[in-house]
Amino acid sequence: MSTSLTKAKEDINLMKGKIENQAKKIEKLLDKCHEEQIARLNEHHQQLKKQLQDELSQKEIALTTQLEDIKSVQDQLSNMKKQREGLEKTPNRKVLSKNKEDIEKSMKEVSDKYKTLNTLPVETDSIEFVPVNNPNLLLGHLFTSAHPHTSEVVDLPHNIGYNTEVDFTIQTRNCKGEKCTKGGHHVSVELKSVTGNVTIGEVKDNNDGSYVASFVAGEVGDAKLSVSINGQQIRGSPYSIVVGRNYQRINMPDEIVNDNGNMNRPRGIAFGKDGMWVVADQSNHCVYIFNGQDELVKKFGSNGSSSGQFSSPRGVAFDSDNHFYIIDGGNNRVQKFSINGNYLLQFGNDGDGKLKSAEGITTHNNKVYVADDQNKRIAVFQTNGQFCTSFGSEHLSHPYDVAVNTNNQLLVVDCSKQCVVTFTLDGHYVDKFGTQGSGRGQFSYPRGLAIDINGFILVADSSNHRVSIFDMFGNYIDNFGSSGSNAGQFSNPWGIALSPNGSIYVSDSDNKRVQIFSNY
């Protein structure tokens, strides 16, 4: 027992010694770190003072030079005035006349110089020190000209194209909010994609206080753009932008589908899984099912009111289970089918959900949204056919097609009001775009609507015989097509849909065909 206690005392004393030695080592490290930190602070302090003195010197030189220019003009004007007064005392008229002309000419030159002379101070007292409580930034920042909290981006677009150079302007301002009039500041631009990748932008100094920045977005999706001056982000930065794929100019179709000339009046089109697609033929009262290679798999339906029969079928939509829905317009109902064309159920022909000459249809999160044309509303059902609600009657006249955009909002084409109306999914009005006409972004009886994965909005502008393209905010981008029956022309285009690879399928209704245009 005694031996154990003795050993324990030795171990404890030994540990005390180790702790004391370790403490001494750490104390030396603390002293060293303190000295280094003091040295860094002193160095940063001297840098800031030098920066301040340099700025003061530049301001003083600029103001002194300006004063010298003003004094020089004043002296010249004074001398000219004395010479003219002296000449007026000369009795020799000939000498007086000649010298007076020279004096007047010189005075005019000096006077013109005076008119262009800047008499306002070329410098301001815009010097500000901003202390920070951050050891990595030491004492803080000295802003002697451009100030990040007052500088601004002038023309940054919030919706930009993928892999396309974007230019915008940065206007620097001093701490008083006044525009800077000279360059030389450290301005940087960084674009951070949704995946975290960072792209460094290029910045050109205009040497007038403004800078032109440019960058190229290499990834589609939401992104953040940071703009900094001397390492500090400017007002509003980072900016939220959306990068979408560009729409190339669309002209000729890659393929035309018409069931060997048997199509009569194709209307709604929709895509399911694996590239399968369905189109409703209004005049033939039937439905076509195609595979991903655009080959006809099945054609079914006939004129009638029994299950699986149709009277003027119109809009088409798929749900997440790969079932599709057909607006059976003349029978005032919606019929639901399996991908093989097997009848499942029908709804919309009774109660509060009773439809009247419905046109377009879409699905989202197990809900079915129907453009109920003659009832001037959007009718909402469960995928089992149970009626949920309706909305939009105060904003709609003749709704013809519906689609859900990338912001989970419901867009509705109104054929009569010649516009596209946006609602929340629970029916609250948001906005609209479009007016009647044939100009850029105008409509003449628009019928079909589709939205691609990047948020671009495509509208089948029927009586203008074209497809118009808008960005996700409703800003007009382009259109393609014209009146006629040649490839790439349309006669009352109606339905429109996007394939999984981004190709555009258009029901060229009165030309009795579907035209397929590649994109992306």
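Residues numbered from 1 in each chain as written. Predicted model: local features only at pLDDT ≥ 70, side-chain atom pairs only at ≥ 80, totals over all residues. Heavy atoms only, no water.

Caption draft 1: The arrangement of the side chain of R333 in detail. Structurally, R333 can be placed in strand β20 (residues 333-337). Polar side-chain contacts of R333 include one of 3.1 Å to the side chain of Q346. If sequence neighbours within four positions are ignored, R333 has contacts with G304, S305, S306, Q309, I326, I327, D328, Q346, F347, G348, N349 and L355. (Helix = DSSP H or I, 4+ residues; strand = E, 2+ residues; numbered from the N terminus. Polar contact = N/O pair within 3.5 Å; in protein donor to acceptor, adjacent residues only side chain to side chain. Contact = heavy atoms within 4.5 Å.)

Caption draft 2: Representation of the sheet that holds strand β5 (residues 165-171). The 4 strands are arranged β3-β5-β9-β8 in an open sheet whose pairing can be described as antiparallel. Of all the strands in the sheet, just β3 (152-153) and β8 (202-205) have a single pairing partner and so form its edges. Across 2 bridges, the pairing between β3 and β5 is antiparallel. If you follow V153 over to β5, its bridge partner there is I170. (Pairing = 2+ DSSP bridges.)

Caption draft 3: Focus on the layout of surface pockets. Taken as a whole, the largest pocket holds about 1,000 Å³ of empty space. Lining the largest pocket are 48 residues; nearest its centre among them are F271, T362, A403, I451 and L498. When contributions to the lining of the largest pocket are tallied by element, the ones reaching two or more residues are β14 (266-271), β18 (313-318), β22 (361-364), β26 (399-404), β30 (446-451) and β34 (493-498). For the lining of the largest pocket, a count of residues per class yields 21 nonpolar, 19 polar and 8 charged. (1 Å grid on protein atoms, 1.4 Å probe; cavity = no way out; pocket = protein on both sides within 12 Å on 5 of 7 lines; lining within 4 Å. Points joined across faces, edges and corners; volume = space filled by probe spheres on them. Nonpolar A, V, L, I, M, F, W, Y, C, P; charged D, E, K, R; others polar.)

Caption draft 4: Quick peek at the packing of aromatic side chains. On inspection of all chains with the given rule, the structure shows 25 aromatic pairs. Ring centres of F381 and F387 lie 5.5 Å apart, and the angle between their planes is 70°; this geometry places the pair in the edge-to-face category. In this structure F381 comes out as buried when scored by relative accessible area, which is 1%. In this structure F387 comes out as partly exposed when scored by relative accessible area, which is 25%. Aromatic side chains F470 and Y476 sit 5.9 Å apart centroid to centroid with 75° between the ring planes, which places their arrangement in the edge-to-face category. Since its relative accessible area comes to 1%, F470 is described here as buried. The structure contains a cluster of three or more aromatic residues connected by ring pairs, namely F300, F310, F318, F324, F337 and Y343. For the cation-ring pair, R267 lies above W494, with the distance from its terminal atom to the ring centre recorded as 3.3 Å. (Phe/Tyr/Trp six-rings, centres within 6.5 Å; stacked < 30°, edge-to-face > 60°. Buried < 20%, exposed > 50% of the residue type's maximum accessible area, 1.4 Å probe, protein only. Lys NZ or Arg CZ within 6 Å of the ring centre and 35° of its normal.)

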